[in-house]
Amino acid sequence: MLSLLPVLPIVIPLLSGAISLLFWRSLWIQRWIGVGGTGLLLLSTLRLLSEVERTGILSVQIGGWAAPVGITIVADLFSAIMAVLAGIIGFCVAVYSWYGVDERRQSYGYFVFLHVLLMGVCGSFLTGDIFNMYVWFEVMLMASFVLVALGGTPMQMEGAFKYVTLNLVSSALFLAGIGILYGVVGTLNMADLSVKLAQTADPGLVTTLSMFFLIAFGIKAAMFPLFFWLPSSYHTPPPAVSAVFAGLLTKVGVYALIRVFTLIFVQDVVYTHNLILIMSGLTMLCGVLGAAAQFEFRRVLSFHIVSQIGYMTMGLGLNSRLSLTASVFYITHHIIVKTNLFLVSGVIQKMRGTGDLKKLGGLYKTHPSLSVLFLIPAMSLAGLPPLSGFFAKLGLVIAGLRLEQYCIVATALFVSLLTLFSMTKLWAEAFWKPRPDVAEGEDEPRSDDEPMCLTMILPILVLALITLTIGIGAETFFNLADRAAGQLMDPTEYIEAVMRTRS
Amino acid sequence: MALMPISIVLLLSNFLSSTASGQMLQLSIPWVPSLEIEISLVMDGLSMLFALLISGIGALIAIYAGGYLADHPQLNRFNLYLLSFMLAMLGVVLTDNLITLFIFWELTSITSYFLIGFDHEKEEARKAALQALLVTGLGGLAMLAGLLILGEIGGTLEISELVANGVLIRRSPLYVPALLLILAGAFTKSAQFPFHFWLPNAMAAPTPASAYLHAATMVKAGVYLLARMNPILGGTTWWFALLSLFGGTTMLVGALVGIRQTVFKRILAFSTVSGLGTLVMLIGLGTDQAVQAAMLFLVAHALYKGALFLVAGIVDHQTGKKDILQVGGLAGALPMTAMAAGLAALSMGGIPPLFGFIAKEALYESALHMGYFAIPAVVAVVTTGILYLGMGLLVGVGPFLGARPSELGRVREAHWSMWMPPLVLAGTSLLFGVRSGLIEHTLLSPAMKSIVGYRFPTHLGLWHGFSFALVLSLFSMAMGVYVYLRIEDIRRAFRPFDEIVHEFTGANYDRCMTNLMAFARWQTDLLQSGYLKNYLLIIFASTISLTTYTLVSRAGSFSLPFDLPPVLHEVILVAVILAATVSAVFQKSRLGAIATLGIVGYGVALIFATFGAPDLAMTQLLIETLTVILFVLVLYSLPGFTRLSSKGHRFRDAVISIMFGALMTTLVIAALDVQFSPSISAEMARKSYPEAHGRNVVNVILVDFRGIDTMGEITVLSLAALGVFALMKLRPEKEEEV
């Protein structure tokens, strides 16, 4: 059982999805499988992380075919951390969806798609094979496309269309890159690629090929100038769907970038990683400026995802152990915080029936506890100490200063001020400002506020507590991220874990 | 509410004897050792002085707020913010670690945001809160970078250890950038010109918060930082020039703008700006006398300014008037308040025997000893001194004398919890003035020692014998009274100056914000245009340019393998495929395009067949056929095909497509040339029969070697089927808004 631990995060959602499908007619059972399956997923990933932490990198050769012939599933610390995050988000969103997603969508397979989406996400994090990663990307893309479109409102269809078209371009480039790479190196196993490319006689061609992966994953991660699909689509589906997307989808792209640009494409780091750095800076700026121009809750948040991606890839671009540590820490922090903000936006949407900041207001007066639950992730996102986002940014800034990359440091700091600006905009407009539809002195029309229900608030509370924990107990998380970065910077252990044959 | 600050005061006074004797108490808890972040508390003379001011005034403010906001529904929230602020502020002055300092620093900014915006339903309050947050936040982030650079060049993040490396730091090439960045933080926080404009606007906060944050404590965080950094960064020409220039300008601008205001809190706010400038200037001058003057002024200012703010709050609370022109003759109705106001105003004006007088004497004295700079320094400080007396009289004396405007109606004295705090503050001004020995050796000289690094003799007192400073003092008192009497003329005379200052600062901030928003909208409209074709264009263009550039600049020469003799049937196949592709592009109907694309697909299938992959060829043929049939079915229900794009656009798209095709072709051919390691397919073929028991290696790969890929793809297909079903069946309800 233990030896199969790295496969569980893929198998559990697959089975949960399949079983849910069997109970197509019973929403009740599907909900319970939703919560139970994602709960199991979370447990399995936690177990995986602790096992990887204790014994080192784990690998499973699928079908018993030793690498590089077969496909290897491999969990190093970075993968395991990402899987745990997928577990947390999956679980919280599944609980939230109970009432957070309307029954009509639930009765047309919402939970099935959610499970399969999680399977694709975990598969991408855990695979050690570049083509297999492509397959997981496809799984993810199909599941997410249906989730975006499910419900079929005109706005959703428009968003879904852009989403799927641009992501297919990414898939095509990814596939083309894999094809040519296979033609050159003759292998698909990432560890094997790393070994063989280290001896390559023609690094220039490999660097050229790496551009395909940079663009393909850059689209997935929503980097500049490839991010268009994200702000076009994230505000259209139900908030629970946006939340799981916001937490996980782009981060799969970031994960893939970090993986291939630390393991495979390290022939010409001065060129490739500086390129990533420049793109990161522009990603931060464009995203945050985009957010400044928006006036709808989830649109603001969506542009901020773009902006934040820049920080995560900045750590990759700086390419030092500290910077990668900061990146891993940043991803951890961001997934929790961003999902939470979308969940809060969902509660507000459900209460007031709109996410338009011009129509919102007065929540601070009527819902002080919800206000606090918004403030924790919002302030953390803006990087205010001592919340998680502060330490994430601090790590990057220190790493940048040590490498004397002053431009990117200045950009990162400036963008964090603008992020604060955006978060205060949300705060001032939705919470502080008096409700525009209530005349002064009049009582609040509480009747149209649907009562907040526990299953929607509880996930928000849990995620907020995690944010606080990451901030106050930053050392634990930083330490873990540091060891993950160590494995990334020196892939020897990873290669050994994949290449050793298990009988 | 006041219990916590009071107990902090008591706790602090326990340590008073040790800090007075020059000891430094330390306590250190590692927090994030990976980033060298420690919660290290240090208590020396300077920390003690600030900590006592913060907690002592904090206690009074807490009492006052209880009365001032007695029937406010959000009093609890206010108290929470106020206490959080106090703890954060104590953190700033007690920590030894640069990053922890920054953390507390930011916490004071954010609590200040909530306090300024406390009246959150007023737009003005929300805007002022945001402005203060952005201005101090910008400075704060610059400061963070500066502190981190300082940590790098000094080799540690602990201030007490940096002091030892001061010489090394000041010689580093990174000294000036670090200094400028740190000053950006200190200057924005302490409202130095031209960043001062947020402070008068911050007066939107409830008065207890204004008195506490924006007069007595938070705005002095910058001053504290400068004092703290003096042994590390101070003593250089840069330090001297920047601090005295910005400080001096702020001192004058604040006083000159402040004198012509008529709203209570605005007069006080500008005079606070001026006072902060004075402090910065004195620290920049850096002589023993200047440092002594700075510490005296710090205490004097906190006492009288805090009191005057509280008085302004009482007047507002009891009469509803915020403007000095609307009130008068209140002494009878508000006797206790009037007493506090009078004492504080006199202290502000530097009238003996109040503590403000001692501070002013020290200020004049230190200006007189500035050598070359003595004349401008004296002119500046005396002008400021005159205006201080004028402002003090305007706020603290004018409203209580003269005739009472009839529209005021009945005015009753405030609750004791409101008049007691300002009276205590003003009374302390008097006490320290008469008995300056009370704080001279316990608080002031230990604080000075922390700033300059050594202890020097001080001699405070009201009477220093006849000196030039005394002459100046008498002159400025006389002029101050004159200014008060001729205030109407002065208001008129200073009006253009006020406008110029606003144009240069606050208006610039507004313009910056407007431009930033306009730029944000412009760039977002440009990039996120809403047109899918633009998105695709940008993505393909980036792909082509990045890849081509990399290919040209990085990849060395590679030979295109044209040495293989072309075979006739291959040539024919390629020709057919190319022809079909070109024709597909120029087809006028969808059906035609699909059909010609089908030809391309069949051609590819034939190529597979000729290279010995019949399975692949079969699959390809099936897929092509199915695709064409499905397309035809779908196309049937679509509207007719119309051309919407212009010729130019089509040309552009054609160029992009051709370039992309050319790029792919080049890469594929290049890849053929540099096969540099044996492919695993040979290994697969070898293992296929003996180990996987399958003769058809493609099948074995699909279902065995790479079975999990197939499983994934099956999942994709099932999902697609399920998705199509769900999307077809689940149509939006009419009124659904999601």
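The structure under discussion appears in the preceding block.
Residues numbered from 1 in each chain as written. Chains lettered and ligands numbered in written order. Predicted model: local features only at pLDDT ≥ 70, side-chain atom pairs only at ≥ 80, totals over all residues. Heavy atoms only, no water.

Enquirer: Hey, could you run me through the environment of serine 171 of chain A in this one?
Expert: All names here are of chain A. Within the element layout of this structure, serine 171 appears in helix 7 (residues 154-185). In sequence terms serine 171 and isoleucine 219 are 48 residues apart; their C-alpha atoms lie 9.4 Å from each other. The residues touching serine 171, leaving out its near neighbours within four places in the chain, are Tyr134, Glu138 and Leu141. (Helix = DSSP H or I, 4+ residues; strand = E, 2+ residues; numbered from the N terminus. Contact = heavy atoms within 4.5 Å.)

Enquirer: Hey, could you run me through the interface of chain B and chain A in this one?
Expert: Where the parts come together, the accessible area they lose is often given as the size of the interface. Across the boundary between the two partners, chain B contributes 106 residues, which contact 120 residues of chain A. When chain B packs against chain A, the two sides together hide about 10100 Å² of surface, and 75% of this comes from carbon and sulfur. In this assembly, chain B and chain A are joined by 4 salt bridges. For glutamate 121 of chain B, the salt bridge is made with lysine 365 of chain A, and the minimal N-O distance between the two is 3.4 Å. Viewed at the interface, chain A and chain B are joined by 16 residue pairs in polar contact (both at pLDDT 80 or more). The element that contributes the greatest number of residues to the side of chain B that touches chain A is helix 31 (residues 707-729) of chain B, accounting for 15 residues. Along the lines of polarity and charge, the residues of the side of chain B that touches chain A split into 65 nonpolar, 21 polar and 20 charged. (Buried area = accessible area lost by both parts, 1.4 Å probe. Salt bridge = Lys/Arg side-chain N within 4 Å of Asp/Glu carboxyl O. Polar contact = N/O pair within 3.5 Å; in protein donor to acceptor, adjacent residues only side chain to side chain. Nonpolar A, V, L, I, M, F, W, Y, C, P; charged D, E, K, R; others polar.)

Enquirer: Looking at this structure, how should I read unusual backbone geometry?
Expert: Negative phi characterises most residues that are not glycine, and trans characterises most peptide bonds. Cis peptide bonds are those with omega within 30 degrees of zero, and the linkage from proline 385 of chain A to proline 386 of chain A qualifies with -5°. Locating proline 386 of chain A in the fold gives a position in the loop between helix 16 (368-381) and helix 17 (388-402). Of note, the bond from phenylalanine 193 of chain B into proline 194 of chain B is cis; its omega dihedral lies within 30 degrees of zero at 5°. The residue proline 194 of chain B is located in the loop between helix 9 (175-189) and helix 10 (198-201) in this model. Its identity as a non-glycine residue notwithstanding, alanine 222 of chain A has a phi of 65°, on the positive side. Mapped onto the secondary structure, alanine 222 of chain A falls in the loop between helix 9 (203-221) and helix 10 (229-233). For asparagine 319 of chain A, which is not glycine, the phi dihedral falls at a positive 55°. If you trace the backbone, asparagine 319 of chain A turns up in the loop between helix 13 (297-318) and helix 14 (321-352). Look at asparagine 319 of chain A and you get partly exposed, because its relative accessible area is 23%. (Buried < 20%, exposed > 50% of the residue type's maximum accessible area, 1.4 Å probe, protein only.)

Enquirer: Help me out: how do you make sense of the side chain of serine 194 of chain A in this one?
Expert: All names here are of chain A. Mapped onto the fold, serine 194 is located in helix 8 (residues 190-198). There is a polar contact of 3.0 Å between the side chain of serine 194 and the backbone oxygen of leucine 263. In this view, serine 194 contacts Leu263 and Ile495; residues no more than four positions away in its chain are not counted.

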